Amino acid sequence: RRALRYQGKGCLTAVENVQEYISRAFEGRDPSRMTLREIDGTLLALERTLAVRRGKLPADADHDRCVAVMQRKQNLGMNAVLSVSLSLARAVASVSGMELYELLREEMLGLMDRLAADCGIEIAGSGLPDYVGALRLCAAVLDERGTPLYQALRRISGIYDPESPSRG
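Residues numbered from 1 in each chain as written. Predicted model: local features only at pLDDT ≥ 70, side-chain atom pairs only at ≥ 80, totals over all residues. Heavy atoms only, no water.

Asker: Help me understand helix α3 (residues 63-72), please; the structure alone is not making it clear to me.
Answerer: An α-helical segment advances 3.6 residues per turn. Residues three or four places apart therefore align on the same side. Within α3, the full set of buried residues consists of Cys66, Val67, Val69 and Met70. The buried residues of α3 all sit within an arc of 165° when viewed along its axis, so they share a single face. Structural note: α3 exposes Asp64 and Arg72 on the side pointing more than 90 degrees away from its buried face. In this structure, the buried side of α3 is in contact with α2 (36-53) and α7 (149-157). Of the residues one or two after α3, Lys73 is the one with positive phi, at around 55°. (Buried < 20%, exposed > 50% of the residue type's maximum accessible area, 1.4 Å probe, protein only. Helix = DSSP H or I, 4+ residues; strand = E, 2+ residues; numbered from the N terminus. Arc of directions from axis to C-beta. Contact = heavy atoms within 4.5 Å.)

Asker: I would appreciate a short explanation of the pattern of salt bridges in the present structure.
Answerer: Close approach of charged atoms allows side chains with opposite charge to pair. Scanning the model with the defined rule gives five salt bridges in all. For Arg33, the salt bridge is made with Asp30, and the minimal N-O distance between the two is 3.7 Å. For Asp30, a relative accessible area of 35% translates into the label partly exposed. Between Asp118 and Arg145 there is a salt bridge, with its nearest N and O atoms 3.6 Å apart. (Salt bridge = Lys/Arg side-chain N within 4 Å of Asp/Glu carboxyl O.)

Asker: Which parts of the structure should I look at to understand a positive patch on the surface?
Answerer: Where like charges cluster on the molecular surface, the positive patch consists of Arg53, Arg54, Lys56 and Arg72. Residue placement: Arg54 occurs in the loop between α2 and α3. (Patch = residues over 30% accessible without salt bridge, like charges linked within 9 Å, V, L, I, M, F, W, Y side chains within 5 Å. Areas by Shrake-Rupley, 256 points an atom, 1.4 Å probe, with all protein chains shown as cover. Lys, Arg positive; Asp, Glu negative; His and termini not counted. Charge placed at Lys NZ, Arg CZ, Asp CG, Glu CD.)

Asker: Honestly, the layout of surface pockets in this entry has me stumped. Any pointers?
Answerer: The calculated volume of the largest pocket comes to roughly 200 Å³. Along the walls of the largest pocket sit Leu36, Arg37, Ile39, Asp40, Leu82, Ser85, Leu86, Ala89, Leu104, Glu107, Leu111 and Ile159, which together make up its complete lining. Elements with a minimum of two residues in the lining of the largest pocket: α2, α4 (78-95) and α5 (100-119). Here the residues of the lining of the largest pocket sort into eight nonpolar, one polar and three charged. (1 Å grid on protein atoms, 1.4 Å probe; cavity = no way out; pocket = protein on both sides within 12 Å on 5 of 7 lines; lining within 4 Å. Points joined across faces, edges and corners; volume = space filled by probe spheres on them. Nonpolar A, V, L, I, M, F, W, Y, C, P; charged D, E, K, R; others polar.)

Asker: In this structure, what is going on with the nonpolar core? I would like to understand it.
Answerer: Ranked by internal contacts, the top residues of the largest apolar core, which has 19 residues, are Ile22, Phe26, Ile39 and Leu43. Elements supplying a minimum of two residues to this core: α1 (9-26), α2, α4 and α5. Sorting elements by how many residues they give to this core places α4 first, with seven residues. Once residues within four sequence positions are removed from consideration, Leu43 is found in contact with Ile22, Phe26, Leu76, Val81, Val84 and Ser85. In terms of nonpolar packing, the next biggest core, distinct from the first, is built from 15 residues, Leu115, Ala116, Cys119 and Ala134 among them. (Core = buried A, V, L, I, M, F, W, Y, C linked by side-chain atoms within 4.5 Å.)

Asker: What is the right way to read the environment of Gln71 from this model?
Answerer: Along the polypeptide, Gln71 turns up in helix α3. Look past the residues within four positions of Gln71 in its chain and what remains in contact with it is Arg154 and Tyr160.

Asker: Looking at this structure, I do not really get α5. What am I missing?
Answerer: Across its 20 residues, α5 extends 29 Å between first and last C-alpha, which sits within 8% of the 28 Å expected from 1.5 Å per residue. Restricting attention to buried positions, one finds in α5 the residues Leu100, Leu103, Leu109, Gly110, Leu111, Met112, Leu115, Ala116 and Cys119. Lining the buried residues of α5 we find α2, α4, α6 (128-145) and α7. Backbone geometry just after α5 places Gly120 at a positive phi near 75°. (Expected span 1.5 Å × (residues − 1).)

Right under this line is the structure:
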């Protein structure tokens, strides 16, 4: 019933965007050599490129405006972006001999390691409570610097940075 709400147009548009745009961005690429950051960075860069091409974003837009457009996923569609991101992440995990949750946990812990180092915080151990404690300390340090946590995580991940090496 929900898919038929707009005569299935939302689902059809998502499929069309995967076939027309997204699949071309990943053609010939080996999942065993891709990272989650590279996958999502590619999808976000494609979202930005389409927004510029469609006149929804000036080519010289500032970083914050580009991030806002990329977050909305209005050009490729959230269904298309999420489906491809998860599908490729599962492929990367499988090729690596992991389950998806293990790959996501590894990525999260890597981000936490980089954030903690950036904040001058040493993570006490390797357990989740150690990382949660470090995250709280990082949040306090960032608050003192006047930097919101989400901004620090964006910078650390490089996911919205068009010059990031995560683009592959």
